[in-house]
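# A look at the structure
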Amino acid sequence: METVEMNSVSLKHPRSEDDVANADEIKRQKILEKSKTGNDSGQSIETVTEPPEDMKNEIIPNEESEEQEEEELEDSDEDGDPESFADMMKHGLTESDVGITKFVSSHKGFSGILKERYSDFVVHEIGKDGRVSHLDDFSVPVDDEDPSEETFTVLSDEDKQRLEELQLFKNKETSVAIEVIEDTKEKRTVIHQAVKSLFPGLETKTEDRDGKKYIIAYHAAGKKALANPRKHSWPKSRGSYCHFVLYKENKDTMDAINVLSKFLRVKPNIFSYMGTKDKRAITVQEIAVLRITAQRLAHLNKCLMNFKLGNFSYKNHPLKLGELQGNHFTVVLRNITGTDDQIEQAMHSLREIGFINYYGMQRFGTTAVPTYQIGRAILQNNWNEVMDLILKPRPGAEKGYLVKCREEWAKTKDPAAALKKLPVKRCVEGQLLRGLLKYGMKNIISAFGIIPRNNRLMYIHSYQSYVWNNMVSKRIEEYGLRAVPGDLILKGATAVHIEEGDVDNYTIHDVVMPLPGFDVIYPKHKIGEAYKEMLVADNLDINNMRHKIRDYSLSGAYRKIIIRPQNVSWEVVAYDDPKIPLFTTDLDKLEGKPLPVLPTDGKFRALKMEFSLPPSTYATMAIREVLKMDTSIKNQTQLNTTWLR
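Before going into details, it helps to say that this report is about the structure given with it. Along every chain, residues carry numbers that run from 1 in the direction the sequence is written. This being a predicted model, a pLDDT of at least 70 is required before a residue's local features are given, and a value of 80 or more before pairs of side-chain atoms are given or counted; all residues contribute to the totals for chains, interfaces and linings. Excluding hydrogens and water, the side-chain figures rest on all heavy atoms present in the structure.

What follows deals with the environment of Val 520. Numbering of helices and strands runs from the N terminus; a helix is a DSSP stretch of H or I covering at least four residues, while a strand is a stretch of E covering at least two. Assignment of secondary structure puts Val 520 in the loop between β14 (511–515) and α17 (526–537). A sequence separation of 26 residues divides Val 520 from Thr 494, and the C-alpha atoms of the two residues are 9.4 Å apart. Contacts were defined at the residue level, with two residues in contact if any of their heavy atoms lie within 4.5 Å. With near-sequence residues (within four places) excluded, Val 520 lies in contact with Pro 514, Leu 515, Ser 555, Gly 556, Ala 557 and Tyr 558.

Our next topic: the sheet that holds strand β5 (residues 212–219). Across a sheet, strands are paired by hydrogen bonds formed along the backbone, either parallel or antiparallel in direction. Here we have three strands laid out as an open sheet, ordered β3-β5-β4, and antiparallel in their pairing. Of all strands in the sheet, those bounded by a partner on one side alone are β3 (175–179) and β4 (202–209). On average, each strand axis in the sheet is inclined to that of its neighbour by 25°, with strand direction left out of account. DSSP bridges decide pairing: two strands pair if at least two such bridges lie between them. The sheet contact formed by β3 and β5 spans five bridges and is antiparallel. Residue Val 176 lies in a different strand from β5, and its bridge partner there is Ala 217. Lying on the sheet, helix α4 (residues 157–167) is in contact with β3, β4 and β5; it crosses β3 at an angle near 160°. Here an angle of 0 to 180 degrees is reported between the N-to-C directions of two axes, which are lines fitted to C-alpha atoms, with helices fitted over the stretch in contact. In this fold helix α5 (residues 185–198) packs onto β3, β4 and β5, with an angle of close to 145° to the strand it touches most, β4.

Let us now look at the packing of aromatic side chains. Only the six-membered ring of Trp is used, alongside the rings of Phe and Tyr, when aromatic pairs are assigned; centres must lie within 6.5 Å, and planes under 30 degrees apart are stacked while those over 60 apart are edge-to-face, with the rest tilted. Taken as a whole and assessed by the stated rule, the structure comprises 14 aromatic pairs. Ring-pair connections join several aromatic residues into one group, and the members of that group are Phe 364, Tyr 372, Tyr 463 and Tyr 466. Arg 559 extends its terminal NZ or CZ atom over the ring of Tyr 359, reaching a point 3.8 Å from the ring centre. Cation placement over rings: the criterion is NZ of Lys or CZ of Arg within 6 Å of the ring centroid and within 35° of the ring normal. It is Arg 559 that lies over the ring of Trp 468; its NZ or CZ is 5.4 Å from the centre.

The span you would expect from a helix comes to 1.5 Å times its residue count less one. Spanning twelve residues, helix α14 (residues 428–439) covers 16 Å between terminal C-alpha atoms, matching the ideal 16 Å at 1.5 Å per step. For each residue, the accessible area found with a 1.4 Å probe, counting protein chains only, is set against the maximum for its type, and the residue is called buried under 20%, exposed over 50%, and partly exposed in between. Where α14 is concerned, the buried positions are Val 428, Glu 429, Gly 430, Gln 431, Leu 432, Leu 433, Gly 435 and Leu 436. Residues of α14 that are buried sit in contact with α11 (383–391), α12 (400–412), α13 (415–420), α15 (444–448) and α16 (453–479). Downstream of α14 by a residue or two, Gly 440 has a phi angle that is positive, lying close to 90°.

What follows covers the packing of α11 against α14. Running from N to C, α11 and α14 cross one another at 135°; their axes reach a closest spacing of 10 Å. When the interaxial angle is binned, α11 and α14 end up oblique. Our pair here, α11 against α14, has a crossing hand that is left-handed. Contacts from Met 387, Ile 390 and Leu 391 in α11 reach Val 428, Glu 429, Leu 432, Leu 433 and Leu 436 in α14. Three classes are used: nonpolar for Ala, Val, Leu, Ile, Met, Phe, Trp, Tyr, Cys and Pro, charged for Asp, Glu, Lys and Arg, and polar for all others, with Gly counted as polar. When its residues are assigned to classes, the contact of α11 with α14 shows seven nonpolar, no polar and one charged. Each angle receives one of four descriptions, namely roughly parallel if under 35 degrees, roughly antiparallel if over 145, roughly perpendicular if within 65 to 115, and oblique otherwise. It is the rotation of the near helix from the far one that decides the hand of a crossing: anticlockwise by less than a right angle makes it left-handed, clockwise makes it right-handed.

Salt bridges, as used here, are contacts in which a Lys or Arg side-chain nitrogen is within 4 Å of a carboxyl oxygen on Asp or Glu. All chains considered together, the criterion is met by 25 salt bridges. In this structure, Lys 277 engages Glu 125 in a salt bridge whose closest nitrogen and oxygen atoms are separated by 3.0 Å. In this pair, Lys 277 sits in the loop between β7 (271–273) and β8 (282–290) while Glu 125 sits in strand β2 (residues 121–126), placing the two residues 152 residues apart along the sequence. Taken as a pair, Lys 277 and Glu 125 share a single burial class, namely buried.

Here strand β12 (residues 488–491) runs beside strand β13 (residues 494–497); their pairing, made up of four bridges, is antiparallel. Within the sheet, the bridge partner assigned to Leu 490 lies in β13 and is Ala 495. In terms of strand pairing, β12 meets β14 through two bridges, oriented antiparallel. Residue Leu 488 lies in a different strand from β14, and its bridge partner there is Val 512.

Moving on, we get to the nonpolar core. If you look at the biggest cluster of nonpolar residues, it comprises 101 residues, and the most contacted ones within it are Phe 448, Leu 607 and Met 609. In terms of residues, this core owes the most to one element, α16, which gives eleven residues. How far each domain reaches was decided by an automatic or database domain assignment. Of the domains in this structure, domain 1 (86–121 + 327–357 + 563–643) and domain 4 (456–560) are the two that each give at least three residues to this core. Among buried residues, those of type Ala, Val, Leu, Ile, Met, Phe, Trp, Tyr and Cys that are joined through side-chain atoms within 4.5 Å constitute a nonpolar core. If you look at the next biggest cluster of nonpolar residues, it comprises 23 residues, including Tyr 273, Ala 294, Leu 297 and Ala 298.

Moving on, we get to the environment of Glu 398. Locating Glu 398 in the fold gives a position in the loop between α11 and α12. Among the residues examined, Glu 398 registers a relative accessible area of 1% and is labelled buried. Considered as a pair, Glu 398 and Thr 366 are 32 residues apart in the sequence and their alpha carbons are 9.7 Å apart.

A word on the packing of helix α10 (residues 371–379) against α11. Contact geometry for α10 and α11: axes closest at 8 Å, N-to-C directions at 160°. Comparing the axis directions of α10 and α11 gives the class roughly antiparallel. Relative to α11, the crossing made by α10 is left-handed. Contact residues: Gln 373, Ile 374, Ala 377 and Ile 378 in α10; Trp 383, Glu 385, Val 386, Leu 389 and Ile 390 in α11.

The buried fraction of strand β10 (residues 326–334) is high, at nine of nine residues. Residues of β10 alternate between two faces, with Gly 326, His 328, Thr 330, Val 332 and Arg 334 on one and Asn 327, Phe 329, Val 331 and Leu 333 on the opposite face, all of them buried. As paired elements, strand β1 (residues 113–114) and β10 share two bridges and run antiparallel to each other. Its bridge partner being in β10, Leu 114 is matched across the sheet by Leu 333. Of the pairings in the sheet, the one linking β2 to β10 comprises six bridges and is antiparallel in character. In the sheet register, Val 122 faces β10, and the bridge partner there is Thr 330. Direction of pairing for β10 relative to strand β18 (residues 604–613): antiparallel, over a ladder of seven bridges. Its bridge partner lying in β18, Val 331 is registered against Met 609.

Once that is clear, we can look at the sheet that holds β12. Strand order in the open sheet formed by four strands is β13-β12-β14-β15, and the pairing between neighbours is antiparallel. Of all the strands in the sheet, just β13 and β15 (557–560) have a single pairing partner and so form its edges. Across the sheet, the mean angle from the axis of one strand to that of its neighbour is 55°, orientation sign disregarded. Against the sheet, α16 touches β14 and β15, its axis set at about 145° to β14.

In structure tokens, the structure reads:
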């Protein structure tokens, strides 16, 4: 993938370096005057144990689970020293590279540690009804139709392995025979129930063989049965979807769903959710699954690490992406240096004014080839550059096998040879190489099309975000924090310009700015021209954002330039041990764990803050406004790498 996580990287240098970021910066600066950040604090944030993750609700590609070997490779860490890592991250992006240059508050910044522990960042989903999701009930709805608890233990591990291989067509067997050791009708019934409920798509029958009873499992309706849970086994009076609250630690939403689907032996696409959540955090969200009982789901609590499922209910509808109102965040910033006055000023400003609604650094990748550059090449129809940007060697932190794959590609331009260096084939590089192998080097468009659609769209959305960030910084530099004639506001879903006579009716909190596309209008002041100039510099026509490939045509959208968080609260706490939690989670409360006992005068101070944000906004940008620091990995690793020791 184009983004990497700081805790899983190789510290090897690629053999060739071709850093195109400098050229982009020069081009951008011709259009945008270099602006001062307004950070007069001289303070900065200390490094975190992983890069800030995507703290917003964004569509993430629904990739099906691959083989366990690939997952182990992807999760493995490689050794290296902190100095090498910091040196390599010099090739990464800073905030100014992606247009993040302004602050709205006047307080003096201070430093703190963000996500020192993943449990310092807790996200609770806010549903469309305004209810905040909490895990506070492990009970299972009583249902006479549910199988007995013995269903989950009657099959041996060997039986389960054989049945899974049969279910997933992993061998040539057409059936599996399970001997009934203690032959009673009740025992046979339990085995029948266990096979049918734990392995959707399999049917069973009883046979006599040599005087012994066997339960024979076989496929009911071919391969389609796996994706479509058995309809006839589900009571008509029960809602078709089991809704539950998923509490997870240090896993992103799709990883979690892939794990659940493997344990349940079903396809991931029978799960639905309203938004994806960060990996490096504790997150609580609602999930719905088609025709899996609460009893089966609750049983997973006994065998899964870092997951808990609860608050079960049956409903007649799935969940839809984007249906949520937002997320409620509980964030701990450790080892803060700010005075009580600085902290009060910062938090009052966050509550009363808000923060600039920038797209956060996570949107642009963490390596020397930002995702927006690939997006721009797609929009330019420059497919050779798309291929080159994704596959060429790059300076910076990457897994060792990716480094070797890129080296092979640079040396041979042979997709088969490069693919052999890549044990993990489901990454973007592996998918593109497979496409090149299938369609040939002269059909890059089709080869690129093998990459999942959401991944491909991520690149052009990144370019839109890059333009938006730059234009918002320019807008605030030019006109400050007030609405001016020519700005855009929304009336319903329609954008209209603010006229001279109406300007006093609006504030900066009403103003929106467009992401470039064929179905948006632009401000009627200097910033409207700046949009055109920036796209011209990138060899794009703002009046023709339709692409010959429909998927890559940009309709555009509108985004508020200032977000004022809701439900803002904060407190400063003292502590001595950086490893102790500073608040209790939903799981702590369910397990009866007491509140942490904190000293009144500890060695360190932490800022505990809570706030709610709407969908598609970045909590990192709110935290940036409080601390007045650069949230980029490049900046953080250069400041301090002691956490890697």
